[in-house]
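# What the coordinates show
Residue strings, one per chain:
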Amino acid sequence: MSASIADRLDQVAGQISFRQLADAMPQMIWSTLPDGSHDYYNAQWYAFTGVPEGSTDGEGWNDMFHPDDQDRAWGVWRHSLETGEPYEIEYRLRHRSGEYRWTLGRALPVRGEDGAIIRWVGTCTDIHEHKQTADQNEILSRELSHRIKNIFAVINGLVGLSARQFPDAKAFARQLQARVASLGRAHDYVRPHSEESAPHDGPRTLSELLNRLLSPYPALDEGRLTIDGDDVQVDDRGATPIGLVFHELATNASKYGALSVPDGRVRIATVARNGQVTITWEEAGGPRLTEHPAAAGFGTRLTDLSITEQLGGKIEREWRPEGLWVKVEVAEKRLSRD
């Protein structure tokens, strides 16, 4: 049965030319010679751009991009031509209306039997509305982050003012202000980030990130919260999702778990082996757990997505009687760009 269906599909495909197939696609489709010279665009390209047929052949396509995007687009395209790596870039493409709309450009090489590239085939996809929504969400995220950081500043100011009325509490107030300031810095690693807003000048290793992130918690200075094991390089790519997970774990431990009682302990251990990094969070000495949570909260779902979607890793949880146990596994190369 399946063979006959396949045969019929082959017959239909044989009756349809490449041009007919490409023109029927909802995306803009183009192709180039091995040197990158464009020699074909489908009907959707001309319907979108409104330019005369053939006017963007050769290297004329770059003039269709926003002036601020042209050099960048050329650079990415030249890199693909030189290396054979897939081409992918977002740029603003001039619409027939005269406005520039955000577009996702992608292309793959077509290779001959000897492995040499004989053609590039690519697509352009209009993502303007999606891009605008993402930009609006980024603005809202920055505004929320700004307000949260202002709250930290107000709290620090109130602590300082109150300490003036109680001279004996000045030492405690300074310590409290330092912890509030550390919490504000940690916030930069756990809020949503774009490529532009990510904290590029942050910690460069996993150990440094965890120590900075958890510095607001007294248990770290008291030795009840320990961080040990192998250390690996991180940058903003890995710092945000990892920071989000362990900030959430520490917050919950302070409210309900091992860090909510004087004798509770938390051990964070990292192991780097064969390109994989395993980080375990193990609580002990806190309130005894008798049952698993009935349902995962928003924070739990968010941390799961941070590991599985952003880093392509795995996260496991066990609610043991002695305390929560969590294991995070990610590829080391996903934690930094180097």
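Refer to the structure presented above.
A brief structural summary. (Residues numbered from 1 in each chain as written. Predicted model: local features only at pLDDT ≥ 70, side-chain atom pairs only at ≥ 80, totals over all residues. Heavy atoms only, no water.)

This brings us to the overall build of the protein chain. If you tally the helices and strands in the protein chain, you get 10 helices and 10 strands. Counting every position in the protein chain, which comprises 338 residues, the buried fraction comes to 39%. Relative to all contacts within the protein chain whose residues are 6 or more apart in sequence, the contacts with residues 24 or more apart total 57%. Put simply, the protein chain shows about 19300 Å² of open surface, and 53% of that area lies on carbon and sulfur atoms. (Helix = DSSP H or I, 4+ residues; strand = E, 2+ residues; numbered from the N terminus. Buried < 20%, exposed > 50% of the residue type's maximum accessible area, 1.4 Å probe, protein only. Contact = heavy atoms within 4.5 Å. Areas by Shrake-Rupley, 256 points an atom, 1.4 Å probe, with all protein chains shown as cover.)

We now examine the sheet that holds strand E6 (residues 225–229). One open sheet holds the 5 strands; their spatial order is E6-E7-E8-E10-E9, and the pairing between them is mixed. Each edge of the open sheet is held by one strand with a lone partner, namely E6 and strand E9 (314–320). In this sheet, neighbouring strand axes are inclined to one another by 10° on average, regardless of whether the strands run parallel or antiparallel. Bridge count for strand E7 (residues 265–273) against strand E8 (residues 276–284) is 9 bridges, and the pairing is antiparallel. (Pairing = 2+ DSSP bridges. Axes fitted to C-alpha atoms, helices over the stretch in contact; angles between N-to-C directions.)

Here we take up unusual backbone geometry. If you check the backbone angles, Asn274 has positive phi at about 50° while not being a glycine. Secondary-structure assignment places Asn274 in the loop between E7 and E8. Classification of Asn274 by relative accessible area gives exposed; the value is 82%.

This part takes up the pattern of salt bridges. Inspection of the entire model under this criterion finds 16 salt bridges. Note that Asp230 is salt-bridged to Arg273, the shortest N-O span being 2.8 Å. Placement of Asp230 in the loop between E6 and helix H9 (236–255) and of Arg273 in strand E7 is noted, with a sequence separation of 43 residues between them. Residue classification places Arg273 among the exposed positions, given a relative accessible area of 52%. We note a salt bridge from Asp304 to Arg317, for which the minimum N-O separation is 2.7 Å. Of the two residues, Asp304 is situated in helix H10 (residues 298–310) and Arg317 in strand E9; the sequence distance between them amounts to 13 residues. Owing to a relative accessible area of 25%, Asp304 belongs among the partly exposed residues under this scheme. Exposure remark for Arg317: the relative accessible area of 22% places this residue in the partly exposed category. Beyond isolated ion pairs, a larger network of salt bridges with shared partners links Glu99, Arg101, Asp126 and Glu129. (Salt bridge = Lys/Arg side-chain N within 4 Å of Asp/Glu carboxyl O.)

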